[in-house]
Amino acid sequence: MPSLSTAPVFSFWRMLFVALGVMVLSGVLLAGGFLAYYLKGFTLPEVQPRVWRGNTLQLVAGQGASVGESLELQALSAGGQAIISSGRITLTAAQYPVLEYHLQGLQPDMEAVFFWRRETAPGKVISLPLRWDGEESTLMRLNHHPAWRGAIIEFGLGFRNTLPDPVVIKELDFKPLSAGTLLALVGPDWRTFGGWSQRSINFVAKGNALAPPLIGAAAWAGLALCLYVVGSIFKRRYWDWRVIGTIFLLAWLAVDIHWQAGLWQQLQATYDRYGGKGWAEKHRAAEDKLLFEFAVEIKAHLESIPQRVFLVTAKSLEEDPYTRLRVRYHLLPYNIHDYGIHLPRQAHAQRGDYVLILGATPNFIFDPEKEFLKERGGERVKLAAKKIHEATMGVLYQLR
């Protein structure tokens, strides 16, 4: 028997044909196994999809109007939210495990959710974030949520914090389980853009995806490799290592294309948010825009640099380091001293320094007549100070 080094070598095109053939066969077998697993004991449903068009939904909060058979959401309410409800309905959750929503204008930075209430707990609202995959029509699996059970008495959509452009709600379609629906779910699972994080450069994660991309690619390549090895043994042929390498290369390319698509979506989302804007406009378009505006408001009442600012966090924000650190960042280049939840000691402070209390201040007492600032419940620290400015997110004092 000749060694592998002396084994005959396939032509390039024959090698490529073999690699593509086993990959296609592997994909077909995996799709069949996927359907067999999720449809075990399945019979054709007697129920039909239930459809709610946009103009049949009720706008409970926010501003909008019906446009033909759709509902156009134009602005959030004064409280920064919009609620669209089905009103009182009856829907059996077990019969409709999949929702297909048709929305125009949904963007990745919107805080949009699908919510529902159940007959067994009418006072409790359960929600799932709406996914954005760049398409107007998106499928979302509901039955993986433990609260999608029993009789549903209301459902709807919620938006909050930001609505840069109007959103048109065309249709909400509840679907029964079927082979076509299952296969169609895989596409949105893989295409849905979940945002970019510090881990995204090295990791591909899809949460509750029916078939996570990385696991799916590994199974695809692994089964194709097994088929090729078994076929080679059965036909008493030599292995061509180029076929094995091509199998792994095709699987890697599939994952890399998925990763590149997410990167391009993030680039587009970043450009849409920050492109063509100045320094201040970019900060006002960011997630922490309220903290930036608060810092700008405080800076307007500070004397010229250098000045010392003691940043004190109210107990309500004690476990929220993000807010404290972002405010500290936006207050630069002032000299910021982070003092946690306590006022600075008199030995550490001097006349002219500032104290910025971030958050609600019920644990601090300020006497406007005597101009003293102290902590409630003790005389540990008592500072002579005057109130400079009171904002929605905090109060600025200057030490006398």
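Our subject in this report is the structure included herewith. On a predicted model such as this, the values are computed, not experimentally measured, just so you know. (Residues numbered from 1 in each chain as written. Predicted model: local features only at pLDDT ≥ 70, side-chain atom pairs only at ≥ 80, totals over all residues. Heavy atoms only, no water.)

Let's talk about the nonpolar core
Soluble globular proteins: nonpolar side chains tend toward being buried together.
Here is step 1: Core analysis: the biggest nonpolar cluster contains 35 residues, and Phe114, Phe159 and Phe174 have the highest contact counts within it.
Here is step 2: Of all the elements in the fold, those that place two or more residues in this core are strand 4 (70-75), strand 5 (81-85), strand 7 (98-104), strand 8 (111-118), strand 9 (121-129), strand 11 (151-160) and strand 12 (167-175).
Here is step 3: The next biggest cluster of nonpolar side chains, apart from the first, holds 16 residues, and it includes Val309, Ile336, Leu356 and Leu396. (Core = buried A, V, L, I, M, F, W, Y, C linked by side-chain atoms within 4.5 Å. Buried < 20%, exposed > 50% of the residue type's maximum accessible area, 1.4 Å probe, protein only. Helix = DSSP H or I, 4+ residues; strand = E, 2+ residues; numbered from the N terminus.)

Regarding the sheet that holds strand 17 (residues 372-375)
Backbone-to-backbone hydrogen bonds pair the strands of a sheet. The strands run either parallel or antiparallel.
Here is step 1: Spatially, seven strands are ordered 14-13-15-19-18-17-16 in an open sheet, and the strand pairing comes out mixed. Bordering the open sheet on either side are strand 14 (335-338) and strand 16 (364-367), each of which pairs with just one other strand. Mean inter-strand twist for the sheet, computed between neighbouring axes without regard to direction, equals 35 degrees.
Here is step 2: Against the sheet, helix 6 (residues 289-299) touches strand 15 (354-358), strand 18 (382-391) and strand 19 (394-399), its axis set at about 120 degrees to strand 18. (Pairing = 2+ DSSP bridges. Axes fitted to C-alpha atoms, helices over the stretch in contact; angles between N-to-C directions. Contact = heavy atoms within 4.5 Å.)

Points about the environment of Pro368
Here is step 1: Structurally, Pro368 is set in the loop between strand 16 and strand 17.
Here is step 2: The sequence separation of Pro368 and Lys386 amounts to 18 residues, and the corresponding C-alpha distance is 7.5 Å.

Quick word on a nonpolar patch on the surface
Here is step 1: On the surface, Leu249, Trp252, Leu253 and Ile257 cluster together to form a nonpolar patch covering roughly 420 Å² of accessible area.
Here is step 2: When you line up the elements, Trp252 lands in helix 4 (residues 241-274).
Here is step 3: Take Trp252: its relative accessible area is 52%, and that puts it in the exposed class. (Patch = residues over 30% accessible without salt bridge, like charges linked within 9 Å, V, L, I, M, F, W, Y side chains within 5 Å. Areas by Shrake-Rupley, 256 points an atom, 1.4 Å probe, with all protein chains shown as cover. Salt bridge = Lys/Arg side-chain N within 4 Å of Asp/Glu carboxyl O.)

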